[in-house]
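Each chain is listed here by its residues.
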Amino acid sequence: MSLGSGKIHKYLLNYKNKQKQMPVLYNSWFYDFDRVEINEFKAQAKSAAEIGCEYFVVDAGWFGNGEVWSSCVGDWQENTAGAFQGKMTEFADYVRSLGMKVGLWMEPERASVGSELEKTRPELFLYRDGGSCLLNMANPDARQYVYDSIQRLIKTYGLSFMKLDFNMTVGYDPSGSSFYRYYQGYYALMERIRRDFPQVYFEACSSGGMRTDINTVFASDSHFLTDTVNPVEMLRIMEGALLRLPPRTLSKWYTVQEVFDI
């Protein structure tokens with residue numbers, strides 16, 4: 001199988017010859033996962049700038065309106081009672097003052113059961129699975145909601161990077177199209193977003209590879225491979241991913257050292 005990898009890579013790269021330069025970035029997740037405190041984030045940003053990072057990316061934990069953020073996936077409103085206390089624009093300005101660009105995490109295709117979106121727009125979802133709901137990308141209204149959310153976040157915080165995650169289990173497609181219509185809609189949405197915001201680097205992510213298909217190459221600027229930072233595991237995962245995807249399309253995390261009790 002590995003003998004065919006080079007041919008697949010060459011084919012893909014021939015059709016993706018305008019790929020953006022992959023940036024060097026700092027992502028907040030592994031500092032203390034979803035705990036957000038503005039002064040600590042400013043200290044992180046200062047250190048990231050000093051070591052030459054080009055982007056500072058705020059991962060999950062920035063939204064939620066005072067509630068646990070995981071119960072508010074899909075609403076995408078800045079947490080004014082916790083996290084940055086409604087001062088994320090101020091923090092973004094601080095990051096830019098250090099010479100870096102600003103990035104943000106979101107999960108456009110999923111919403112939490114009980115979120116405002118799920119309660120007020122139930123017609124936008126394809127199905128529910130446990131505590132999660134999958135937005136129906138075959139539905140033009142659902143695609144427009146995602147587009148409007150991404151557009152608002154980019155303009156509000158002056159984003160130059162977005163990490164678009166996907167943590168939803170892909171089950172049975174109740175429309176009977178085996179997700180064909182879903183993906184046609186999703187790829188059309190991503191084409192529109194990337195056309196309208198060429199200044200933004202869009203990194204795909206799929207909860208450790210739950211969705212890492214070849215079309216990922218064309219729907220994003222790169223694909224984030226895994227949260228795993230163990231060197232041996234990283235090599236194993238990368239080896240498998242390279243059977244399909246060219247190395248320049250895969251972004252990865254590195255940690256300098258392990259820190260306890262921060």
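Here we summarise the structure given alongside this text. (Residues numbered from 1 in each chain as written. Predicted model: local features only at pLDDT ≥ 70, side-chain atom pairs only at ≥ 80, totals over all residues. Heavy atoms only, no water.)

What to know about the sheet that holds strand 4 (residues 110–112)
Backbone hydrogen bonds are what pair the strands of a sheet, in a parallel or an antiparallel way. Spatially, 3 strands are ordered 4-6-5 in an open sheet, and the strand pairing comes out antiparallel. Where the open sheet ends on each side, the last strands, each with one partner, are strand 4 and strand 5 (125–129). The mean angle between the axes of side-by-side strands here comes to 25°, regardless of whether they run parallel or antiparallel. As judged from the 4 bridges shared by strand 5 and strand 6 (residues 132–135), these two strands associate in the antiparallel manner. (Pairing = 2+ DSSP bridges. Helix = DSSP H or I, 4+ residues; strand = E, 2+ residues; numbered from the N terminus. Axes fitted to C-alpha atoms, helices over the stretch in contact; angles between N-to-C directions.)

Regarding the packing of aromatic side chains
The full count for this structure, using the stated rule, is 24 aromatic pairs. Ring plane angle 80° and centroid distance 5.5 Å describe the contact between tryptophan 29 and phenylalanine 33, whose orientation is recorded as edge-to-face. On the accessibility criterion, tryptophan 29 (17% relative accessible area) is buried. Look at phenylalanine 33 and you get partly exposed, because its relative accessible area is 40%. On the numbers, 5.9 Å between centres and 80° between planes, the contact of tryptophan 69 with tryptophan 105 is edge-to-face. Remark: tryptophan 105 occurs in strand 3 (residues 101–106) and tryptophan 69 occurs in the loop between strand 2 (55–58) and helix 4 (88–97); sequence separation between them is 36 residues. (Phe/Tyr/Trp six-rings, centres within 6.5 Å; stacked < 30°, edge-to-face > 60°. Buried < 20%, exposed > 50% of the residue type's maximum accessible area, 1.4 Å probe, protein only.)

Regarding the side chain of asparagine 79
Tracing the chain through its elements places asparagine 79 in the loop between strand 2 and helix 4. Within the structure, asparagine 79 has its side chain in polar contact with the backbone nitrogen of glycine 82 (distance 2.8 Å). (Polar contact = N/O pair within 3.5 Å; in protein donor to acceptor, adjacent residues only side chain to side chain.)

A few points about the pattern of salt bridges
Opposite charge on two side chains permits pairing when their charged atoms draw close. All chains considered together, the criterion is met by 14 salt bridges. Residue arginine 35 is joined to aspartate 32 by a salt bridge in which the shortest nitrogen-to-oxygen separation is 2.5 Å. Each member of the salt-bridge network shares a partner with another, and the members are Lys20, Arg194 and Asp221. (Salt bridge = Lys/Arg side-chain N within 4 Å of Asp/Glu carboxyl O.)

Some words on helix 6 (residues 140–157)
Here helix 6 contains 18 residues, and its C-alpha end-to-end distance of 26 Å stays within 8% of the 26 Å for a straight helix at 1.5 Å per residue. Regarding helix 6, the residues found buried are Ala142, Val146, Tyr147, Ser149, Ile150, Leu153, Ile154 and Tyr157. Projection of helix 6 onto a plane perpendicular to its axis shows the buried side chains occupying an angular sector of 160°, all on one side. At the N-terminal boundary of helix 6, the capping side chain belongs to asparagine 139, with an oxygen 2.8 Å from the backbone nitrogen of aspartate 141. A positive backbone phi angle near 60° is found at glycine 158, which sits one or two residues after helix 6. (Expected span 1.5 Å × (residues − 1). Arc of directions from axis to C-beta.)

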